[in-house]
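Inside the fold
For reference, the chains in residue letters:
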Amino acid sequence: MTVMYNRVALIGLGLIASSLFWAMKRGGLAGETVGYARSAATRDTARNIGLCDRICDSVADAVADADLVILCVPVGAMDAVAAEIGPLLKTGAVVSDVGSVKRAVIDAVSPHIPDGVHFIPAHPLAGTEQSGPESGFAELFDNRWCLLTPNGADAAEVAKLRTYWEALGSNVDEMDADHHDLVLAVTSHTPHLIAYTMVGVADDLSRVSESEVVQFSATGFRDFTRIAASDPTMWRDVFLNNKDATLEILGRFTEELFALQRAIRQGDGDLLHDYFTRTRSIRRGIIEAGQDTDAPNFGRYPKP
Ligand SMILES: NC(=O)c1ccc[n+]([C@@H]2O[C@H](COP(=O)([O-])OP(=O)(O)OC[C@H]3O[C@@H](n4cnc5c(N)ncnc54)[C@H](O)[C@@H]3O)[C@@H](O)[C@H]2O)c1
Ligand SMILES: O=C(O)C(=O)C[C@]1(C(=O)O)C=C[C@@H](O)C=C1
């Protein structure tokens, strides 16, 4: 139990902020955690479930004298929130965020950060399809990655924030923001778009085949429906703010899809088999590297 920041302010009280609070409480990482949400209903819910040591009715009260301020709002709201809190930040404070996109957040937030305040963007690669203050839990960040995109921030403050995320349970790495956005377009953003599309297609079909799509949905499709149940505001903002990288990956995806479509039409079994063999090895690599702790056989076969 080591207090790392005396006062931590969480702005936006959803899945990530509430998980941060419970994980900080578990580790005793903050002297005091204060929270602010835009809507009175969310603030009431937060108070009712004991989220944060104090819930403030104004963002000014929340950031007053805060040593660490974490912006936990959708990516598209970062600009407005940063503009509001910028003039209220104390000298020496650290501002961070948890947004799923990094370059657009840096461009939106940096202009509002006064001299003497450190802005260190971060992105925990951990989440669920749930949202809101009641959805958080202390273990969310355990054994997950958190990527920092420091963008030239003070090295000592970056090292401290890294230690903080490690104390929350995460593995931490640093990355250039543009590279982050390209990597996440491949590993998270485009897969979400594909899931949204596939569930939309099934929904169109279900109007033809009534409830069969739901009744006979196999595990693969159920996984798609979980992903496609993710928060619409959050994901709208991800795509609007990681436009170039997502379009680049979608272009490549479409080319591959057409190649597989042609192979099916032409009965080219070799092409399909080779392709699926290559992709299977990627999954096996992830399991062998110990990166998928949710896999059903995780840990069953000890590595030699
Ligand atoms: N959900 C995930 O899987 C996940 C994972 C990693 C990072 N993130 C990122 O974390 C951030 C928060 O996501 P979440 O899942 O906690 O979302 P959430 O929907 O659970 O919570 C977001 C909170 O922000 C508030 N909010 C929305 N617009 C606002 C505004 N203009 N001003 C003030 N408050 C506003 C909402 O009322 C809500 O309290 C997003 O930037 C998202 O990209 C999400
Ligand atoms: O598990 C999930 O529900 C998620 O989609 C979490 C997930 C991801 O794609 O891995 C989603 C967006 C975030 O920015 C980070 C994590």
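Just above sits the structure.
Fair warning: this is a prediction, and the values are worked out from it, not measured in the lab.

Around ligand 1, the surrounding shell holds 24 residues, and the nearest of these are Leu 15, Ile 16, Val 73, Ser 100 and Gly 132. Leu 13 places a main-chain nitrogen or oxygen 3.2 Å from an oxygen atom of ligand 1. Here an oxygen atom of ligand 1 sits 2.9 Å away from a polar atom, N or O, in the main chain of Leu 15. Here ligand 1 has 830 Å² of accessible area as a free molecule, and 86% of this is covered by the chains. Of all elements in the fold, only α1 (15–27), α4 (78–85) and β7 (122–124) reach the threshold of two or more residues within the shell around ligand 1. The class makeup of the residues in the shell around ligand 1 is 14 nonpolar, nine polar and one charged.

Turning our attention to the sheet that holds strand β4 (residues 68–71). With parallel pairing, the six strands of this open sheet are ordered in space as β3-β2-β1-β4-β5-β6. Every other strand in the sheet has two partners, leaving β3 (54–55) and β6 (118–120) as the edge strands with one partner each. Of the pairings in the sheet, the one linking strand β5 (residues 94–97) to β6 comprises three bridges and is parallel in character. For Val 95, the partnering residue across the bridge sits in β6 and is Phe 119. Along the sheet face, helix α6 (residues 155–167) touches β1 (5–11), β4, β5 and β6 and points at about 50° away from the line of β6.

Rules used in this analysis
- Residues numbered from 1 in each chain as written.
- Chains lettered and ligands numbered in written order.
- Predicted model: local features only at pLDDT ≥ 70, side-chain atom pairs only at ≥ 80, totals over all residues.
- Heavy atoms only, no water.
- Near = heavy atom within 4 Å.
- Polar contact = N/O pair within 3.5 Å; in protein donor to acceptor, adjacent residues only side chain to side chain.
- Areas by Shrake-Rupley, 256 points an atom, 1.4 Å probe, with all protein chains shown as cover.
- Helix = DSSP H or I, 4+ residues; strand = E, 2+ residues; numbered from the N terminus.
- Nonpolar A, V, L, I, M, F, W, Y, C, P; charged D, E, K, R; others polar.
- Pairing = 2+ DSSP bridges.
- Contact = heavy atoms within 4.5 Å.
- Axes fitted to C-alpha atoms, helices over the stretch in contact; angles between N-to-C directions.

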